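Okay, here's what each chain looks like letter by letter:
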Amino acid sequence: MRACRAVGCRHRLAVAVLPAVALGLVPTTAHASATGLATPQEAAPAPADRFQAGNSLYQTGDHEGALDAWFGLYEDGFESGELYYNIGNAYFRLGELGRAILFYERARVALPRDESVRTNLELARSLTADQITPLPGFWVPRVVRWAVQLVPRGSLIAILALGYLGLASILLYRLLSTGPPYWTRHAAVAAAALTLVVGTNLLIREFGIGRAERGVILQTEAAVQSAPSDDPSLQLFTIHEGAVVRIDRRSSDWLEIVLEDGKVGWVRTGDLETI
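Residues numbered from 1 in each chain as written. Predicted model: local features only at pLDDT ≥ 70, side-chain atom pairs only at ≥ 80, totals over all residues. Heavy atoms only, no water.

(A) Examining helix α8 (residues 153–176) more closely. For α8, which comprises 24 residues, the first-to-last C-alpha distance of 35 Å matches the rise-based estimate of 34 Å (1.5 Å per residue) to within 8%. Three or more residues of α8 are buried, namely Leu156, Leu160, Gly163, Leu167 and Ile170. (Helix = DSSP H or I, 4+ residues; strand = E, 2+ residues; numbered from the N terminus. Expected span 1.5 Å × (residues − 1). Buried < 20%, exposed > 50% of the residue type's maximum accessible area, 1.4 Å probe, protein only.)

And the structure:
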């Protein structure tokens, strides 16, 4: 019963974090009419309509149809924490635990403070075959991650815009004024510092600077080798679908992974997908 309550779907599309095509500039595969323009009957449905169609299908129990609708948006290049969350829910209902965890993890990157994402991810990971106990981490990285995610993304953008506007206004005032007050120098320094701090925070969050590359095992069972080789004598252990790993190195068709409990080994590139 807990799973039924926890795994729901989102009824909105966060167009703010989607490409510009989400605002109605939707590319269509329809054939052009004689005038060179697609007719209303030929035009592809808007992303929001496709997203809502997936919601409707999910609510009626057609999880495969919902997944087709949502995954079509994903394949078209749309990015949204809500979209990842819903795809994860559909995969969960269809019993594809590895892919459910993969998209929940992607949703958590986009929506780090969302309680529903965290709850469903924890539920899915509790059902995996490998119950891995994470090593205790150093407190400094945890504090840094907490500080980076402390302010919501939208608020950061607003603060950054105000900082730029304030700094530009103060500098313009100092340039045009014959005798600018002394306090404007301190105000300019404060506005520049605020802009730098907030801009750096937003840059780190948007581009994942300093974030370790991670992946999710999608194979039912994957052999972990001591070296990038299929030699059976080099097998260390096996890992199962849904395990989340850190990717440290790449060598041809192999990846060196680190489990949350500190174990290290090599797996085939096709055994996992990066978050």
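From this point, the narrative continues.
(B) Just the packing of aromatic side chains, in detail. Here the structure, examined in full by the defined rule, presents 10 aromatic pairs. Through pairs of rings, three or more aromatic residues link up here, namely Phe71, Tyr74, Tyr84, Tyr91 and Phe103. Here the basic side chain of Arg106 rests over the ring of Phe103, its NZ or CZ set 4.9 Å away from the ring centre. Cation over ring: Lys263 sits above Phe237, and NZ or CZ is 5.2 Å from the ring centre. (Phe/Tyr/Trp six-rings, centres within 6.5 Å; stacked < 30°, edge-to-face > 60°. Lys NZ or Arg CZ within 6 Å of the ring centre and 35° of its normal.)

(C) How the structure looks around unusual backbone geometry. Phi is positive for Ser252, close to 55 degrees, though the residue is something other than glycine. When you line up the elements, Ser252 lands in the loop between β4 (244–251) and β5 (254–258). With a relative accessible area of 71%, Ser252 lands in the exposed category.

(D) Spatial organisation of helix α5 (residues 97–110). Between the first and last C-alpha of α5 there are 20 Å, a value that for 14 residues agrees with the 20 Å anticipated at 1.5 Å per step. A large share of α5 lies buried, amounting to 10 of its 14 residues.

(E) Structural detail: the pairing of β5. The element β5 is largely enclosed, with a buried count of five among its five residues. Taking every second residue as pointing to the same face, both faces of β5 are buried, with Trp254, Glu256 and Val258 on one and Leu255 and Ile257 on the other. Both β4 and β5 contribute to a ladder of five bridges, which runs antiparallel. Across the sheet, residue Ser251 finds its bridge partner in β5, namely Trp254. In sequence, β4 turns back onto β5 through a hairpin of two residues, with Ser252 there showing a positive phi of about 55 degrees. Between the end of β5 and the start of strand β6 (residues 264–268), which pair antiparallel, lie five residues, with Gly262 showing a positive phi angle near 95 degrees. (Pairing = 2+ DSSP bridges.)

(F) How the structure looks around the packing of helix α4 (residues 81–93) against helix α6 (residues 115–126). α6 packs onto α4 with a crossing angle of 30 degrees between their chain directions and a minimal axis gap of 11 Å. Taken together, the axes of α4 and α6 are roughly parallel relative to one another. Relative to α6, α4 is oriented so that their crossing is left-handed. Across the interface between the two elements, Tyr85, Asn89 and Phe92 of α4 pack against Ser116, Val117, Asn120, Leu123 and Ala124 of α6. The class makeup of the residues in the contact of α4 with α6 is five nonpolar, three polar and no charged. (Axes fitted to C-alpha atoms, helices over the stretch in contact; angles between N-to-C directions. Parallel < 35°, antiparallel > 145°, perpendicular 65-115°, else oblique. Left-handed = near helix turned anticlockwise from the far one by under 90°. Contact = heavy atoms within 4.5 Å. Nonpolar A, V, L, I, M, F, W, Y, C, P; charged D, E, K, R; others polar.)

(G) Local environment of the nonpolar core. Counting 29 residues, the largest nonpolar core has Trp70, Leu83, Ile87, Phe92, Ile101 and Tyr104 as the members making the most contacts within it. When residues of this core are traced back to their parent elements, those giving at least two are α2 (47–59), α3 (63–75), α4, α5 and α6. Excluding anything up to four places from it in sequence, Ile101 contacts Leu121, Ala124, Arg125, Thr128, Val216, Gly242 and Val244. Listed in part, the 12 residues of the second largest apolar core include Ala222, Ile239, Val245 and Leu259. (Core = buried A, V, L, I, M, F, W, Y, C linked by side-chain atoms within 4.5 Å.)

(H) Geometry of the packing of α5 against α6. Closest axis-to-axis distance for the α5/α6 pair is 9 Å, and the angle between their directions is 150 degrees. Between α5 and α6, the angle is such that the two are roughly antiparallel. Of the two elements, α5 crosses α6, and the hand of that crossing is left-handed. Contacts between α5 and α6 pair Leu97, Ile101, Tyr104, Glu105, Ala107 and Arg108 from the former with Val117, Asn120, Leu121, Ala124 and Arg125 from the latter. Of the residues in the contact of α5 with α6, the class split is seven nonpolar, one polar and three charged.

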